[in-house]
Amino acid sequence: MTAKRRLGTTGYYVVSILIAVVAMIPFLWMISTSLKSRGALMSIPIEWIPAEPSLDAYGEVFSRFPFLKTIGNSLFISVSYTIITLISASMAAFAFAKIKFRCANLLLKLYLATMMIPTQVTMIPLFVIMNKLGLIDSYASVILPSIFRPFAVFMLVQQMRTVPADYLDAARVDGANIFQVYSRVALPLCAPTLATLAVTTFMESWNDYLWPLLMLTDRAKMTLPIALSTLNGQYNTEYNVLMAGSLISMIPIIIIYLFAQKHFKNGLMAGGIKG
């Protein structure tokens, strides 16, 4: 290895480490703040390592409201939202990519064009629809919009188009029906993209604040972002309690990413290659 190449490699790792450290600072600050007492929050100089670490803020989170119930609500909504998104988007993508029917490309373009419509524009019509169906203040009102996910269809269409037609034809020759071809041949070959979509969809649903706030009026059904927002007072905010709740809310996303990171990375690289 030449000196120039070694210098370039060293510079690459140095810059990468610096970026990683900068990115970790907010996370480390959250941990530090959650372990401080209320009086130590605004101490100067700043205490990165609390002089007297305490877990009182975590206990306070669970005493303010039924935190475990709130986590359960968010998990149920996010998991259901993710599963329905994966099923509906993958079926639509398979139809657009592998089933020949009239005006398929036109319908796909019109479908994807809806991504340009701001979410805020659709909220009032969606609210009216949910109200007409009598679904206000139910989990279904938060979950059902997952059926229509143009971005998810867009991601999966690109992957479905790379599935060799010979594989599908071989399955049909062996007697598989269209649903078996979709579920046993096409889906396994799209696993990396499905994993990527699952992680991003779960994160989006888990962190969603506005739509559950509009739909869910029962305090017992509130999701985690809504519960955390109640920790922000009008005149005073207990940042140690807020940081403790935020850290707990990150645990499911971290666990999911750890289990799906291999497929997640492959899905991102596959999407990048397809452009």
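Please read all numbers here as calculations on a predicted model, not as lab measurements.

A. The nonpolar core, seen in detail. Among the nonpolar cores identified, the biggest contains 23 residues, and Phe94, Leu108, Val153, Leu156, Val157, Met160 and Leu168 are the most heavily contacted of them. Put simply, the parts of the chain that give this core at least two residues each are helix H3 (67-98), helix H4 (104-113), helix H7 (150-160), helix H8 (165-173), helix H9 (178-189) and helix H10 (191-207). In this structure, Val153 is in contact with Ala89, Ala92, Ala93, Phe96, Leu108 and Tyr111, ignoring residues within four places of it in sequence. Residues Phe67, Leu224, Ile226 and Leu228 belong to the second largest nonpolar core, which totals 21 residues.

B. Structural view of the UniProt feature "transmembrane region" (unreviewed entry) in the protein. In the numbering used here, UniProt assigns the "transmembrane region" (unreviewed entry) feature to residues 12-32, 75-96, 108-130, 136-157, 185-203 and 239-260. What you have in residues 108-130 is 78% helix and 0% strand, and the ends, taken at the C-alpha atoms, are 26 Å apart.

C. Up close: the packing of H7 against H10. One way to put it is that H7 packs onto H10 with a least axis distance of 9 Å and a crossing angle of 165 degrees. In terms of orientation, H7 lies roughly antiparallel with respect to H10. Relative to H10, the crossing made by H7 is right-handed. Contacts between H7 and H10 involve Ala152, Met155, Leu156 and Gln159 from the former and Thr193, Leu194, Thr196 and Leu197 from the latter.

Each value, and the rule that gives it
- Residues numbered from 1 in each chain as written.
- Predicted model: local features only at pLDDT ≥ 70, side-chain atom pairs only at ≥ 80, totals over all residues.
- Heavy atoms only, no water.
- Core = buried A, V, L, I, M, F, W, Y, C linked by side-chain atoms within 4.5 Å.
- Buried < 20%, exposed > 50% of the residue type's maximum accessible area, 1.4 Å probe, protein only.
- Helix = DSSP H or I, 4+ residues; strand = E, 2+ residues; numbered from the N terminus.
- Contact = heavy atoms within 4.5 Å.
- UniProt positions renumbered as here; feature names shortened; annotations may be inferred.
- Axes fitted to C-alpha atoms, helices over the stretch in contact; angles between N-to-C directions.
- Parallel < 35°, antiparallel > 145°, perpendicular 65-115°, else oblique.
- Left-handed = near helix turned anticlockwise from the far one by under 90°.

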